[in-house]
Amino acid sequence: MSHAVAKLRAERLARSVKPFLARGSRAERCLNCRLARTHCLCAWRPQVVANAGVCLLMHDVEALKPSNTGWLIADVVAETSAFGWSRTEVDPQLPSLLAEPQWQPYLVFPGEYAAPERVVNAVEVEAGKRPMFVMLDATWTQARKMFRKSPYLDQLPVLSLQPEALSRYRLRRSKRDDHLCTAEVAALCLELAGDERAADALNAYLDVFSEHYLASKAPHAVDLSNALHQRLRAFL
Ligand SMILES: [Zn+2]
């Protein structure tokens, strides 16, 4: 496994002064999916093609959290890049990626935090370009700070997900709470960009990941033939 989030995680681990101890970290983990070996997800990684790209800007320890779902995006969307966020520095590869002519970047963030002239609600890509969704992978408090303190993102249009789209999504996924994790937001963006199959695959993969993750913490076994696994099987 060498996708962008895996690389960022390895770099961040190498920089750690003290070892990062994830909850339940005594279980032996699979290096390729981060889950306990008994609940390995590697055989369930979907194989789909997406036209869109994703650029994850990850807050400090986000890449280290076993529950981080940016990792799942990188598993599904081939063109996923990941950068660690810092208030004082920016990796020069980030602005150059955003300036690449093949991409049309959107910063995904609630519109009420941005100047109205920056806010868009739909993905309308110019001919010859592909959409790239720049996502702030962090807690909500951290994300607001990142949004304010990243001047290199200031020129990007802000893609604000409409309440109707969000509630349709929650309804379809029978979500009880209001919070969408990073992978869910990415799935919604893929849908807006016309990458429906990749969006469905990411949703199905996220559900199976969550099941494996929670079961590994319990710990109890997962039923690999249940409905969630059946749905994901269509994308393998
Ligand atoms: Zn694995």
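Below: a short report on this structure. (Residues numbered from 1 in each chain as written. Predicted model: local features only at pLDDT ≥ 70, side-chain atom pairs only at ≥ 80, totals over all residues. Heavy atoms only, no water.)

What to know about the overall build of the protein chain
Per the secondary structure count, the protein chain includes eight helices and six strands. When the helices and strands of the protein chain are read in sequence order from the N terminus, they spell out α-β-α-β-α-β-β-β-α-β-α-α-α-α. For 236 residues, the compact-globule estimate of 2.2 N^0.38 gives 18 Å, and the C-alpha radius of gyration of the protein chain, at 18 Å, lies within 12% of that figure. If you line up the protein chain on its principal axes, its C-alpha atoms span 50 × 45 × 30 Å. Burial status across the protein chain gives 49% buried among its 236 residues. Long-range contacts, defined as pairs at least 24 residues apart, comprise 76% of the intrachain contacts of the protein chain with a sequence gap of at least 6. Looking at the protein chain as shown, the accessible area adds up to about 12200 Å², and 53% of this sits on carbon and sulfur atoms. Distance between charge centres in the protein chain, computed from 30 positive and 26 negative side chains, equals 7 Å. (Helix = DSSP H or I, 4+ residues; strand = E, 2+ residues; numbered from the N terminus. Rg over C-alpha atoms; globule rule 2.2 N^0.38 Å. Buried < 20%, exposed > 50% of the residue type's maximum accessible area, 1.4 Å probe, protein only. Contact = heavy atoms within 4.5 Å. Areas by Shrake-Rupley, 256 points an atom, 1.4 Å probe, with all protein chains shown as cover. Lys, Arg positive; Asp, Glu negative; His and termini not counted. Charge placed at Lys NZ, Arg CZ, Asp CG, Glu CD.)

Here we look at the pattern of salt bridges
Under the defined criterion, the tally for this structure stands at nine salt bridges. The residue D75 makes a salt bridge to R45 at a minimum N-O spacing of 3.6 Å. In this pair, D75 sits in helix α2 (residues 70-76) while R45 sits in the loop between α1 (4-15) and β1 (53-58), placing the two residues 30 residues apart along the sequence. The class for R45 is partly exposed, based on a relative accessible area of 23%. Between D207 and R231 there is a salt bridge, with its nearest N and O atoms 2.4 Å apart. (Salt bridge = Lys/Arg side-chain N within 4 Å of Asp/Glu carboxyl O.)

Some remarks on the packing of helix α5 (residues 163-172) against helix α6 (residues 182-192)
Look at α5 against α6: their axes get within 11 Å of each other, and the N-to-C directions meet at 115°. Accordingly, the angle class assigned to the pair α5 and α6 is roughly perpendicular. Classified by chirality, the crossing of α6 by α5 is right-handed. On the side of α5, the interface is formed by A165, L166, Y169 and R172, while α6 contributes E184, A187, L188 and E191. Of the residues contributing to the contact of α5 with α6, the split by class is five nonpolar, no polar and three charged. (Axes fitted to C-alpha atoms, helices over the stretch in contact; angles between N-to-C directions. Parallel < 35°, antiparallel > 145°, perpendicular 65-115°, else oblique. Left-handed = near helix turned anticlockwise from the far one by under 90°. Nonpolar A, V, L, I, M, F, W, Y, C, P; charged D, E, K, R; others polar.)

What about the coordination of the zinc ion?
C30 (SG), C33 (SG), C40 (SG) and C42 (SG) make up the full set of protein donors to the zinc ion, lying at 2.3 to 2.4 Å. One way to put it: the four donor atoms around the zinc ion meet at angles of 100 to 117°, and that makes the site tetrahedral. Between the donor residues of the zinc ion, the gaps in sequence give the motif C-x2-C-x6-C-x1-C. Judged by its relative accessible area of 30%, C40 is partly exposed. (Donors = N, O, S within 2.8 Å, 3.2 Å for Na, K, Ca; no water. Tetrahedral: all angles 85-135°; square planar, octahedral: opposite > 155°, others 65-115°.)

A word on the sheet that holds strand β3 (residues 103-108)
Two strands in a sheet stick together by hydrogen bonds in their backbones, pointing the same way (parallel) or opposite ways (antiparallel). What the six strands build is an open sheet, ordered β2-β1-β5-β3-β6-β4; its pairing is parallel. If you trace the sheet from one side to the other, it starts and ends with β2 (80-84) and β4 (119-120), each paired once. With six bridges joining them, β1 and strand β5 (residues 130-137) adopt parallel strand pairing. Paired with L56 across the strands is M135, a residue of β5. Sitting on the sheet, α1 touches β1 and β2, and the angle it makes with β2 is about 20°. (Pairing = 2+ DSSP bridges.)

Describing the nonpolar core
The biggest cluster of nonpolar side chains holds 53 residues, and the ones touching the most others in it are L41, F133 and L202. Sorting the residues of this core by element identifies α1, β1, α2, β3, β5, α5, α6 and α7 (196-217) as the ones contributing at least two each. When residues in this core are grouped by element, the largest group, ten residues, is from α7. Not counting the four nearest positions on each side in its chain, L41 is found in contact with C33, L35, L72, Y205, V208, F209 and H212. By size, the runner-up hydrophobic cluster in this structure holds 22 residues, among which are C55, L94, A114 and M132. (Core = buried A, V, L, I, M, F, W, Y, C linked by side-chain atoms within 4.5 Å.)

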